[in-house]
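# Residue-level structural notes
In case you want the letters, here they are:
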Amino acid sequence: MGAGPLVYAAALCAGLAAWTAVRCETAPRRARVLFVDGAPEPNRLRAYWSAMPEFFRERREWLCAPTAVLLAVLGESVLPLFAGAVAVPLVRRWLGARSRGRERERAADAVMALCGSVVGELRAGREPGQALLVAARDSAEALGGAEAAVLAAARFGGDVPGALRQAADAPGREGLAGVAACWRVAVDGGAGLAAGLDRLEVALRADRRRREELRAQLAGAWSTVVVLALLPVAGLGLGAALGADPLRVLLHSPGGLACLAAGGLLETAGLMWARRIVRAGEAA
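In this text, all values refer to a predicted model and were calculated from it rather than measured experimentally.

Relative orientation of the contacting elements helix H8 (residues 147–156) and helix H9 (residues 160–167) amounts to 170°, with a least axis distance of 9 Å. Our classification of the angle between H8 and H9 gives roughly antiparallel. In contact with Ala149, Val150, Ala153 and Ala154 of H8, H9 contributes Val160, Ala163, Leu164 and Ala167. Residues of the contact of H8 with H9, tallied by class, amount to eight nonpolar, no polar and no charged.

Overall, the coordinates contain zero aromatic pairs when judged by the stated rule. Positioned above the aromatic ring of tryptophan 94 is the side chain of arginine 98, whose terminal nitrogen or guanidinium carbon lies 5.2 Å from the ring centre.

It is worth spelling out the nonpolar core at this point. Leu176 and Leu197 are the most contacted members of the largest nonpolar core, which totals 34 residues. Of all the secondary structure elements, the ones that give two or more residues to this core are helix H6 (79–123), helix H7 (128–138), H8, H9, helix H10 (175–189) and helix H11 (193–241). At seven residues, H6 tops the list of elements feeding residues into this core. Apart from the residues lying within four places of it in its own chain, the contact partners of leucine 197 are Cys115, Val118, Val119, Leu122, Val179 and Cys182.

What follows covers the pattern of salt bridges. Going through the model one piece at a time under the given rule, you end up with twelve salt bridges. Several salt bridges converge on common partners, so that one network encompasses Glu76, Asp245 and Arg248.

Moving on: the packing of H6 against H7. Across the interface, H6 lies against H7 with an axial gap of 8 Å and an inter-helix angle of 135°. Between H6 and H7, the angle is such that the two are oblique. You can see that H6 and H7 cross each other, and the crossing is right-handed. Residues Leu114, Ser117, Val118, Glu121 and Leu122 of H6 form the contact with H7, whose participating residues are Pro128, Ala131, Leu132, Val134, Ala135 and Ala136.

The next subject is helix H5 (residues 64–75). Across its twelve residues, H5 extends 16 Å between first and last C-alpha, which sits within 8% of the 16 Å expected from 1.5 Å per residue. For H5, the set of buried residues is Ala68, Ala72, Leu74 and Gly75. For H5, the angular spread of buried residues about the axis comes to 165°, placing them on one side.

Our next topic: the environment of tryptophan 94. By secondary structure assignment, the location of tryptophan 94 is in helix H6. It is 9.2 Å that separates the C-alpha atoms of tryptophan 94 and glutamate 61, two residues lying 33 residues apart in sequence.

Thresholds applied
Residues numbered from 1 in each chain as written. Predicted model: local features only at pLDDT ≥ 70, side-chain atom pairs only at ≥ 80, totals over all residues. Heavy atoms only, no water. Axes fitted to C-alpha atoms, helices over the stretch in contact; angles between N-to-C directions. Helix = DSSP H or I, 4+ residues; strand = E, 2+ residues; numbered from the N terminus. Parallel < 35°, antiparallel > 145°, perpendicular 65-115°, else oblique. Contact = heavy atoms within 4.5 Å. Nonpolar A, V, L, I, M, F, W, Y, C, P; charged D, E, K, R; others polar. Phe/Tyr/Trp six-rings, centres within 6.5 Å; stacked < 30°, edge-to-face > 60°. Lys NZ or Arg CZ within 6 Å of the ring centre and 35° of its normal. Core = buried A, V, L, I, M, F, W, Y, C linked by side-chain atoms within 4.5 Å. Buried < 20%, exposed > 50% of the residue type's maximum accessible area, 1.4 Å probe, protein only. Salt bridge = Lys/Arg side-chain N within 4 Å of Asp/Glu carboxyl O. Left-handed = near helix turned anticlockwise from the far one by under 90°. Expected span 1.5 Å × (residues − 1). Arc of directions from axis to C-beta.

Any link to function would need more than the numbers given here.
Below you can see the structure in the form of structure tokens.
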């Protein structure tokens, strides 16, 4: 096969481009945590991503398909197509987990903003129910699907703490349980609601800051894992540069198929092991 090193380099660049597109939101968030918390994100990667076709922006897992087709053409084998078909649902599941994680973070940020808004309205002289109604207009995402129940309870004198506790069952909105507790103490014991919510907001922000710092510290470990996972691809390019035909050996010989199967199993086991180690650090 006369593809040569340039074609293998093109395949490597295609894989790296797909990985970069999937990971395009991680680096700006890490930089924001390490340097200036809350600063606006850089727009360069987003501009590159928006220039891609709409289908790939909405279904990023299908970026595995053109890479699999390219490898199938270079290796003259259907095995990369099967691998691509298996990779699409796995990548979709991973992207779904990341999307749900971002939604939880946005909900937690909205809960903190709601606490601050309610405190501001209370100190401006509003009643608790009115303060919650006004603050919810700017932080509606904090209440999620229970927004109507919470606002109805605040408007008509219902059980606001009960409605807030129900809203706290949604992922990322656990801080609403603290709001409900502060509300209950303020109503039953006459304690200051503004002071309690102020302390709750400080605690939630400190907890988020700790989580972000931990993620930033673990980002180096994830980068090492990604580099090690891409070493086999670099090995294919090196073999092509030396004049060999690694894809033909791997895909068209018994020994190559055995090495490919063993390498795939070891690669999967290594990624799962590294993921378990990093997840254990995040849980701690």
